[in-house]
Each structure stands twice: as C-alpha cells, then as structure tokens.
Amino acid sequence: QVQLVESGGGLVQPGGSLRLSCAASGSIFSIDTMTWYRQAPEKQRELVASTANGGASIYAESVKGRFTISRDNAKNTVYLQMNNLKPEDTGVYYCNAILRTSRTTWTNYWGQGTQVTVSS
C-alpha cells in the first residue's frame, strides 16, 4: 500500500509565501513523475507543476516565475515553493505520483489535499 501525505497549506496574505510538501511512503519500487494540482471552488482541477525523475519540470503559465517544484528522491518527497501568492492561487492543492510498486506494476496515486487560502 502507498500513501501520499501533503502538508504546508494555510492562510497567507497576498504577496506571501508557502511551501508545500508531499511525502510518499509504503511499498514503492520507484517514482517517475510527481505533480501538484489544485482545485478552486466550483472549478476543475488543474495542473500547477510537475517534475519527472531526471529533472524535467513543467509549470502552468499562471504560476511561472512564482512557483518552484523540487523533489528529494531519497525521501520520496516533492515540494512546491510558492512565492508572491495571489488570491487566485486559493484552492485545495493535491499531490499526484506515478510510481512503481514492483518492477512491472505502475500505479497512479493521489494525496488527500491541503488547503491554501490567499486573502487579506
């Protein structure tokens, strides 16, 4: 069994910063891609940032230059550093991992989500 546990969300004023963490644990053979998504009230879930094993990262246009995704493979953890936060960044942030639980079995896992609220 694999679990993804997010942390680091909270309430922050516009222009502030937060750092989200997502730690994967359990029967993990290897992790390929780790991705942060977010979902604002009454909106569809959207990709925020993604990083592949090997270093390539992509970002949503709305967060480029403000957010940075990174990962610590030794800890099976992905981070999202969010700077210059705006009210439109408000939402539930979800961690997703595409990983192997054995040499031949790939599975997609989601975390439970962490709330980020940007408001004065």
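Quick note: structure is the one above.
Residues numbered from 1 in each chain as written. Predicted model: local features only at pLDDT ≥ 70, side-chain atom pairs only at ≥ 80, totals over all residues. Heavy atoms only, no water.

Chemist: What is the right way to look at the side chain of D89 in this model?
Modeler: Inspection of the secondary structure puts D89 in the loop between β8 (77–82) and β9 (91–100). Residue D89 is classed as buried on the basis of its relative accessible area of 0%. The residues contacting D89, other than those within four sequence positions of it, are R38, V63, R66, F67, N84, V116 and V118. (Helix = DSSP H or I, 4+ residues; strand = E, 2+ residues; numbered from the N terminus. Buried < 20%, exposed > 50% of the residue type's maximum accessible area, 1.4 Å probe, protein only. Contact = heavy atoms within 4.5 Å.)

Chemist: Is there a simple way to explain the pattern of salt bridges in this structure?
Modeler: Close approach of charged atoms allows side chains with opposite charge to pair. Across all of its chains, the model carries four salt bridges by this definition. When the shortest N-O distance is used, the salt bridge between E61 and K64 registers 2.7 Å. Given a relative accessible area of 62%, E61 falls into the exposed group. Take K64: its relative accessible area is 46%, and that puts it in the partly exposed class. In this structure, a network of salt bridges that share partners links the residues R38, E46, R66 and D89. (Salt bridge = Lys/Arg side-chain N within 4 Å of Asp/Glu carboxyl O.)

Chemist: Quick question: what am I supposed to make of the sheet that holds β8 here?
Modeler: The strands that make up a sheet are held in pairs by hydrogen bonds between backbone atoms, and each pair lies either parallel or antiparallel. Taken together, four strands build an open sheet; the order of strands is β1-β3-β8-β7 and the sheet is antiparallel. Every interior strand has two partners, whereas the edge strands, β1 (2–7) and β7 (67–72), have only one. With direction set aside, neighbouring strand axes in the sheet form an average angle of 15°. (Pairing = 2+ DSSP bridges. Axes fitted to C-alpha atoms, helices over the stretch in contact; angles between N-to-C directions.)

Chemist: What should I look at first to understand the nonpolar core in this one?
Modeler: The tendency in soluble globular proteins is for nonpolar side chains to be buried as a group. In terms of nonpolar packing, the biggest core is built from 27 residues, with W36, V48, F67, L80, M82 and Y93 touching the most fellow members. Listing elements by their share of this core, those giving two or more residues are β1, β3 (18–26), β4 (30–39), β5 (46–52), β7, β8, β9 and β11 (114–118). (Core = buried A, V, L, I, M, F, W, Y, C linked by side-chain atoms within 4.5 Å.)

Chemist: Please clarify how unusual backbone geometry should be interpreted in this entry.
Modeler: With glycine set apart, most residues show a phi of negative sign, and most peptide bonds adopt trans. Its identity is not glycine, yet N76 carries a phi of approximately 50°, on the positive side. Its place among the elements puts N76 in the loop between β7 and β8. Backbone geometry places N84, a non-glycine residue, at a positive phi of 50°.

Chemist: Even after reading the chapter, I still don't get the state of the cysteines, so can you show me in this structure?
Modeler: Each disulfide is one covalent bond, formed between the sulfur atoms of two cysteines. Taken as a whole and judged by the stated rule, the model has one disulfide. Each disulfide pairs two cysteine sulfurs, and for C22 the partner residue is C95, the sulfurs being separated by 2.1 Å. Disulfide C22 to C95: torsion about the S-S bond roughly -80°, handedness left-handed. One end of the pair, C22, is in strand β3; the other, C95, is in strand β9, and 73 residues separate them in sequence. For the pair C22 and C95, a shared accessibility class is recorded, and that class is buried. (Disulfide = S-S within 2.5 Å.)

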